Amino acid sequence: MRFAFLIFVIGLLPEVVSAQASDSVFLEDLTWTEVRDALAAGTTTVIIPTGGTEQNGPHMVLGKHNYVVRYKAGEVARRLGDALVAPVMAYVPEGNVDPPSGHMRFPGTITTPPEVFEQVLEFAARSLKQHGFLDIALLGDSGGNQASQAAVAERLNREWTAMPVRVHHLTDYYPGPGDAWLVTQGEREEDVGSHAGMHDTSSLMFLNPSMLRLDELAPGTGSGVGGNGVAGNPARSTAAYGEQILEMQIDAAVRQIGMLRESSRR
């Protein structure tokens, strides 16, 4: 009886796995034939999320950007209905190695020079163009990524001007309206902060509070010598704030991609 049941379950596995994979918007969850078929069916937009591996104070894990940007990119792709998501770029500019600067002064941070980041991003875009994607959207979740994304998009669009392919650096997504919205809710700008403050902490409270150390929530003391790496007061964060901030960022990205797919070809 047990053997017969195992044979029955094993017989179902291919069908179950196939159904799960074909529903995903993430390239790394799909087979090459599923990507080929999606392209043929009109799924010609792809999102490249860029995150970062950086200090986020004593209360938040180093991979915060990578986790939240993957989630948000996935939601953007699902709402567009004709988009896929490339793997998150987790190694981005975070300061100099020696002597260490920026977030590199905190253990665990991993940095790349801007020119290296740009080259990887560029060749990711070139790879996706080669496969048939027509709109390549760069979704950056960290301030240090923005200039390089803009440079890569400008460089490739100039090269591909006579082709139907466009690279879009999304400017409405990050930092997005979340910080200003928190102020409208009665929060002080200094509490909202600019790094590891209320914005990101609230987002993780909603998405995955296990990535937070709730007993470490405290006002930031800055990134200078002896500081805790936080600018803002994450203790003011709430899951309800996070839900609204995520929704605003996702909506901003969906709207901008939709607009750029039209306006960039006029």
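Before reading on, note that the structure itself is shown above.
Now for a look at the structure at hand. This structure is a prediction, so every number in the text was calculated from the model and none was measured.

Looking now at the nonpolar core. Counting residues in each nonpolar core, the largest one holds 43 residues, and the members touching the most others are Ile-47, Ile-48, Val-76, Leu-128, Ile-136 and Leu-139. Of all the secondary structure elements, the ones that give two or more residues to this core are helix H2 (32-40), strand E1 (45-50), helix H3 (64-80), strand E2 (83-85), helix H4 (114-131), strand E3 (135-140), helix H5 (146-159) and helix H9 (239-263). The residues contacting Val-76, other than those within four sequence positions of it, are Ile-47, Ile-250, Ala-253, Val-254 and Ile-257. If you look at the next biggest cluster of nonpolar residues, it comprises 11 residues, including Met-60, Ala-196, Leu-207 and Met-211.

With that settled, the discussion passes to the packing of aromatic side chains. In this structure the tally under the stated criterion is 1 aromatic pair. Its end group placed over the ring of Phe-26, Arg-70 keeps NZ or CZ at 3.7 Å from the ring centre.

Another aspect to go through is unusual backbone geometry. In this structure, the amide linkage connecting Asp-98 to the following residue, Pro-99, adopts the cis form with an omega of 0 degrees. Relative to the helices and strands, Pro-99 resides in the loop between E2 and H4. Backbone torsion omega between Tyr-174 and Pro-175 reads -5 degrees, so that peptide bond is classified as cis. Take Pro-175: it is sitting in the loop between strand E4 (166-169) and helix H6 (178-184). The phi dihedral of Ala-196 is positive, around 60 degrees, even though this residue is not glycine.

Attention shifts here to the pairing of E1. Within a regular strand, the side chains alternate between the two sheet faces. Across the 6 residues of E1, 6 count as buried, placing the element largely inside the fold. Side chains of E1 alternate between two faces, with Thr-45, Ile-47 and Pro-49 and Val-46, Ile-48 and Thr-50 buried alike. With 3 bridges connecting them, E1 and E2 associate as parallel partners. In the sheet register, Val-46 faces E2, and the bridge partner there is Leu-84. Taking the sense of rotation as the criterion, the β-α-β connection linking E1, H3 and E2 turns out right-handed. Of the strand pairs in this sheet, E1 and E3 are connected by 6 bridges, and their pairing is parallel. Across the sheet, residue Pro-49 finds its bridge partner in E3, namely Leu-139.

In the contact formed by H4 and H5, the axes pass within 9 Å of each other and the chain directions differ by 45 degrees. Overall, the two elements H4 and H5 adopt an arrangement that is oblique. Between H4 and H5 lies a crossing of right-handed hand. Mapping the contact onto sequence places Pro-114, Phe-117, Glu-118, Leu-121, Glu-122, Ala-125 and Arg-126 in H4 and Ser-148, Gln-149, Ala-151, Val-152, Arg-155, Leu-156 and Glu-159 in H5. Residues of the contact of H4 with H5, tallied by class, amount to 7 nonpolar, 2 polar and 5 charged.

Reading across from one edge, E2-E1-E3-E4 is the order of the 4 strands in this open sheet, with parallel pairing throughout. Unpaired on one side and paired on the other, E2 and E4 mark the two borders of the sheet. Between one strand axis and the next, the sheet turns by 25 degrees as a mean value, whatever way the strands run. Each of E1, E3 and E4 touches H5; the most contacted strand, E4, lies at about 160 degrees to it.

The next point concerns the pattern of salt bridges. All told, the structure shown has 18 salt bridges when counted by the stated rule. Measuring nitrogen to oxygen at the nearest pair gives 2.9 Å for the salt bridge that ties Asp-135 to Arg-265. Of the two residues, Asp-135 is situated in strand E3 and Arg-265 in the segment after H9; the sequence distance between them amounts to 130 residues. By relative accessible area, Asp-135 is classed as buried at 5%. One salt bridge in this structure joins Glu-154 and Arg-158, with 3.6 Å as the shortest N-O distance.

The buried fraction of E3 is high, at 6 of 6 residues. Of the two faces of E3, both are covered, the one formed by Asp-135, Ala-137 and Leu-139 as well as the one formed by Ile-136, Leu-138 and Gly-140. As paired elements, E3 and E4 share 4 bridges and run parallel to each other. For Leu-138, the partnering residue across the bridge sits in E4 and is His-169. Assessed by its sense of winding, the connection that carries the chain from E3 through H5 to E4 is right-handed.

Conventions adopted
Residues numbered from 1 in each chain as written. Predicted model: local features only at pLDDT ≥ 70, side-chain atom pairs only at ≥ 80, totals over all residues. Heavy atoms only, no water. Core = buried A, V, L, I, M, F, W, Y, C linked by side-chain atoms within 4.5 Å. Buried < 20%, exposed > 50% of the residue type's maximum accessible area, 1.4 Å probe, protein only. Helix = DSSP H or I, 4+ residues; strand = E, 2+ residues; numbered from the N terminus. Contact = heavy atoms within 4.5 Å. Phe/Tyr/Trp six-rings, centres within 6.5 Å; stacked < 30°, edge-to-face > 60°. Lys NZ or Arg CZ within 6 Å of the ring centre and 35° of its normal. Pairing = 2+ DSSP bridges. Right-handed = clockwise from strand over helix to strand, strands pointing away. Axes fitted to C-alpha atoms, helices over the stretch in contact; angles between N-to-C directions. Parallel < 35°, antiparallel > 145°, perpendicular 65-115°, else oblique. Left-handed = near helix turned anticlockwise from the far one by under 90°. Nonpolar A, V, L, I, M, F, W, Y, C, P; charged D, E, K, R; others polar. Salt bridge = Lys/Arg side-chain N within 4 Å of Asp/Glu carboxyl O.

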